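# Examination of the molecular architecture
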Amino acid sequence: MNAPQAIGVDTRAAVRATGLGKRYGDLIAVDGLDLEIASGEFFGLLGPNGSGKTTTLHMLATLIRPSAGTAVVAGFDVTREPVSVRAAIGLVFQESALDRTLSVTENLRFAGLLYDLPLRVIGERQRELLELFDLADQRDRPVAALSGGMRRALDIVRGVLHEPRILFLDEPTIGLDLPNRRRIWRFIERLRARTGMTVLLTTHYLEEADGCDRVAFIRKGRLVESGAPRAWVERLGRHILEVEGPDLDGLAAALEARLGAGLRDGDVAYFRCPDEDVGAIARLQAEVGTRASAWRVRRPNLNDVFLWVADGKDLS
Amino acid sequence: MRVRPRLRPIYAVLERELLRMLRQRTRLVAAMVRPLIWLFVIGAGFGALLGETRGVDYKSFLVPGVLGMTMLFGAMLAALSTVYDKESGVMRMMVIAPMPHAWIVIAKVVSAAAAAMLQAILLLVLLVALGHAGRGTEWGLLALALLATSLACAGIGMVAASFSRTLDNFAGIMNFVIFPVFFLSGSLYPVRDLPPVLNWFATANPYTYGVDLLKHALLPHAQSADFALGLDLVVLAGATAAAVAVASWRFSQESAYEPMIRVLARRSE
């Protein structure tokens, strides 16, 4: 188990998937996915629910057998060497993997032994990690007595106890309130700062992916595009114009003639304003803005990118 | 790369199983009370009706049966906790661990058998204290019988667990697996005295040979056993191996952790 992994500093790609696909009967969950993640990279896989993020993650983690394509994780093929892949990765599932009837330390002891770690090593690492994740006071409490945020933090500790090269996080903050989401992000930051491990994250909370080195959008099982979050946002334009109004159709048509195709989301229409020139937007407001009941101009964010990509729009 | 199976993961599963058993006091108490009720209520009642058969009174005849019952229930329930593991999510910890998935089956079977043996030993101590076991017992053979029977029961339980997706099936498994296996064995009556159809079922039931082995060990001079000692051992070893093979095959299929996959498939619709 040690020999093949211990060879020097790893410059290989942490994850390389080629034409990766999964179908369940007629349902194509993942469709010909190409993905390359460098060692040490913090990579975000973004997409709406049901877009194939989790299926992709589970294929990379060897829990689902791909029906097409190949994937090499930490230098091992996911279908031919699943056990070696599993030894090199940590996976934090979307739902808890903890035993609620056992205490914090009992859970970590169980997890560590499953990774064939000696008890002494488990003891040392859990002390260190529980400290890092602010769980040191909770070590003897049953998991059932922990708050949702603490349980999620503990689940991450469980996922990194064996010091994996690559950590997969499947929606790590789903179902948590804002303070707890922030805490989880702080923990992940600390962990990355300390270990430099590669992190592949899925989320649909777009603002959380801002810290990623690179993000990729996945829609209906296909990778739409990938890039640095800042670059994506910049490609969207300088400003986003949000309008509401009684005759939204007419208003949108008038704006589309000037700004190109927009997006409709309920009672709001969104338009991209590529020019830095705020004056042009002000003039536009003077012309057609009188028909709007609300007129907001703001900086775009990753959420906008997501909405545009999810709508199937080309961002170029 | 050839992956050498490690012992620590097995120990992890074993430790958790025993910890859970010791914490679930009611389960442990039930495992002691159930066989004693059979022995002292059913045994006494039918004993009065039957008198001595083949040189033993009915209550003594029942001792191997109730000891086997403890192992059957103990091993089956422990093996079926795998279904709970699937539902509660703890199975995720096991499927993501760096070991072949068949190793989970082996670890679970070993743990369930250990839990069952512990309960059987506890009951045996009670039985000896109450004067219902111990005289003329072949202890070495008894140890072997406990081991072989609990492993076979754990194997059968693991097959049931690997095919059931939710705990809702639990009552079904109780009614359609555990009870038939118990009643269609030599636990309550000698197999050779059964009418033909029941005799066939009992002969085809691997658990019958576990009880038979216990009779060899506990009542060596009473000739209450139906089969040869060697046959008992061969059948039990064969049944255990077959059960582990089937459950491992089932686990290597993706459907073994079906709850997860189903959630995914539903989400993708």
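Computed from a prediction, not measured in an experiment: that's the story for all the values here. (Residues numbered from 1 in each chain as written. Chains lettered and ligands numbered in written order. Predicted model: local features only at pLDDT ≥ 70, side-chain atom pairs only at ≥ 80, totals over all residues.)

The next subject is the confidence of the model for chain B. Residue and element names in this part refer to chain B. Counting all residues, the mean pLDDT for chain B is 86, and 91% of those residues have values of 70 or more. Overall, residues 264-269 carries pLDDT values under 50, and its contacts beyond four positions in sequence, including any with other chains, amount to eleven contacts. Interface confidence for the predicted complex, expressed as ipTM, amounts to 0.87; the pTM equals 0.85. (pLDDT = per-residue confidence, 0-100. Contact = placed C-beta atoms within 7 Å.)

One frequently used descriptor of interface size is the decrease in accessible area upon assembly of the parts. Counting residues at the interface gives 27 residues for chain B and 33 residues for chain A. If you list the elements that add at least two residues to the side of chain B that touches chain A, you get α1 (8-23), α4 (90-95) and α11 (258-268) of chain B. Broken down by element, the residue count for the side of chain B that touches chain A peaks at six residues, all from α1(B). When its residues are assigned to classes, the side of chain B that touches chain A shows 16 nonpolar, three polar and eight charged. (Helix = DSSP H or I, 4+ residues; strand = E, 2+ residues; numbered from the N terminus. Nonpolar A, V, L, I, M, F, W, Y, C, P; charged D, E, K, R; others polar.)

The next thing to look at is the pairing of strand β13 (residues 268-273) of chain A. Residues and elements named next belong to chain A. For β13, the tally of buried residues reaches five of six residues, placing the bulk of the element in the interior. Here strand β11 (residues 239-244) runs beside β13; their pairing, made up of five bridges, is antiparallel. Residue Glu 242 lies in a different strand from β13, and its bridge partner there is Tyr 270. As paired elements, strand β12 (residues 263-265) and β13 share three bridges and run antiparallel to each other. Residue pairing for β13: Arg 264 is matched across the bridge by Ala 269. In textbook terms, the turn of a hairpin is the stretch between consecutive antiparallel strands, and for β12 and β13 this stretch comprises two residues, one of which, Gly 266, has a positive phi near 65°. (Buried ≥ 20, exposed ≤ 12 C-beta atoms within 10 Å, placed from the backbone. Pairing = 2+ DSSP bridges.)

Entries for chain A in the domain assignment read domain 1 (3-231) and domain 2 (238-299). The C-alpha centroid of domain 2 of chain A is placed 40 Å from the C-alpha centroid of domain 1 of chain A. (Domains from an automatic or database assignment.)

An α-helical turn contains 3.6 residues, so a residue and the one three or four places further along point in the same direction. In this model, helix α4 (residues 119-132) of chain A (14 residues) spans 20 Å end to end at C-alpha, consistent with the 20 Å of a helix rising 1.5 Å per residue. On its buried side, α4(A) packs onto α3 (104-114) and α5 (148-160) of chain A. (Expected span 1.5 Å × (residues − 1).)

What follows concerns helix α9 (residues 206-218) of chain B. Between its first and last C-alpha, α9(B) extends 19 Å over 13 residues, near the 18 Å set by a 1.5 Å rise per residue. Burial runs high along α9(B): 13 of the 13 residues are buried.

We now examine the packing of helix α5 (residues 102-129) of chain B against helix α6 (residues 139-163) of chain B. All names here are of chain B. As a packed pair, α5 and α6 sit with axes 8 Å apart at the nearest point and diverge in direction by 130°. Considering the angle they form, α5 stands oblique to α6. For the element pair α5 and α6, the recorded crossing hand is right-handed. Contact with α5, carried on its side by Val 105, Lys 108, Val 109, Ala 112, Ala 113, Ala 116, Met 117 and Ala 120, involves Leu 146, Leu 147, Ser 150, Leu 151, Cys 153, Ala 154, Gly 155, Gly 157 and Met 158 of α6 and no other residues of that element. Considered class by class, the residues forming the contact of α5 with α6 number 13 nonpolar, three polar and one charged. (Axes fitted to C-alpha atoms, helices over the stretch in contact; angles between N-to-C directions. Parallel < 35°, antiparallel > 145°, perpendicular 65-115°, else oblique. Left-handed = near helix turned anticlockwise from the far one by under 90°.)

This paragraph deals with the sheet that holds strand β1 (residues 15-24) of chain A. Residue and element names in this part refer to chain A. Pairing in this open sheet of four strands is antiparallel, and the strands run β2-β1-β4-β5 from one edge to the other. Each of the sheet's edge strands pairs with one partner strand only, and the pair in question is β2 (27-37) and β5 (76-77). Note that β1 and strand β4 (residues 68-73) share five bridges and pair antiparallel. For Gly 21, the partnering residue across the bridge sits in β4 and is Ala 68. The sheet contacts of helix α1 (residues 53-60) involve β1, β2 and β4, and relative to β1 the element is tilted by about 120°.

Turning next to the sheet that holds strand β6 (residues 89-92) of chain A. All names here are of chain A. With mixed pairing, the six strands of this open sheet are ordered in space as β6-β7-β8-β3-β9-β10. Of all strands in the sheet, those bounded by a partner on one side alone are β6 and β10 (222-227). Averaged over all neighbouring strand pairs, the angle between strand axes comes to 15°, with direction disregarded. When strand β7 (residues 166-170) meets strand β8 (residues 198-203), the two strands line up parallel, connected through five bridges. Paired with Leu 167 across the strands is Val 199, a residue of β8.

Turning to the confidence of the model for chain A, a few remarks are in order. The predicted model of chain A has a mean per-residue pLDDT of 87, with 94% of residues at 70 or higher. Here residues 1-9 of chain A is modelled with pLDDT under 50, and outside its nearest four sequence neighbours on either side it reaches four contacts, counting other chains as well.

Moving on to the environment of Ile218(A). All names here are of chain A. Relative to the helices and strands, Ile 218 resides in strand β9 (residues 214-219). Ile 218 sits 171 residues away from Gly 47 along the chain, and the two C-alpha atoms are 5.0 Å apart. Ignoring sequence-local partners within four residues, the contact set of Ile 218 consists of Leu 45, Leu 46, Gly 47, Ser 51, Gly 52, Lys 53, Leu 223 and Val 224.

Summarising the element assignment, Ile96(B) is placed in the loop between α4 and α5. With sequence-adjacent residues up to four places away left out, Ile96(B) is seen in contact with Ala61(A), Leu63(A), Arg86(A) and Leu91(A).

Before going further, it helps to spend a moment on the nonpolar core. In terms of nonpolar packing, the biggest core is built from 164 residues, with Val73(A), Phe168(A), Leu72(B), Ala75(B), Ala116(B) and Ala154(B) touching the most fellow members. A total of 17 residues in this core trace back to one element, the largest contributor, which is helix α3 (residues 58-88) of chain B. In this view, Val73(A) contacts Val15(A), Leu60(A), Val78(A), Val85(A), Ala88(A), Ile89(A) and Ile166(A); residues no more than four positions away in its chain are not counted. (Core = buried A, V, L, I, M, F, W, Y, C linked by C-beta atoms within 7 Å.)

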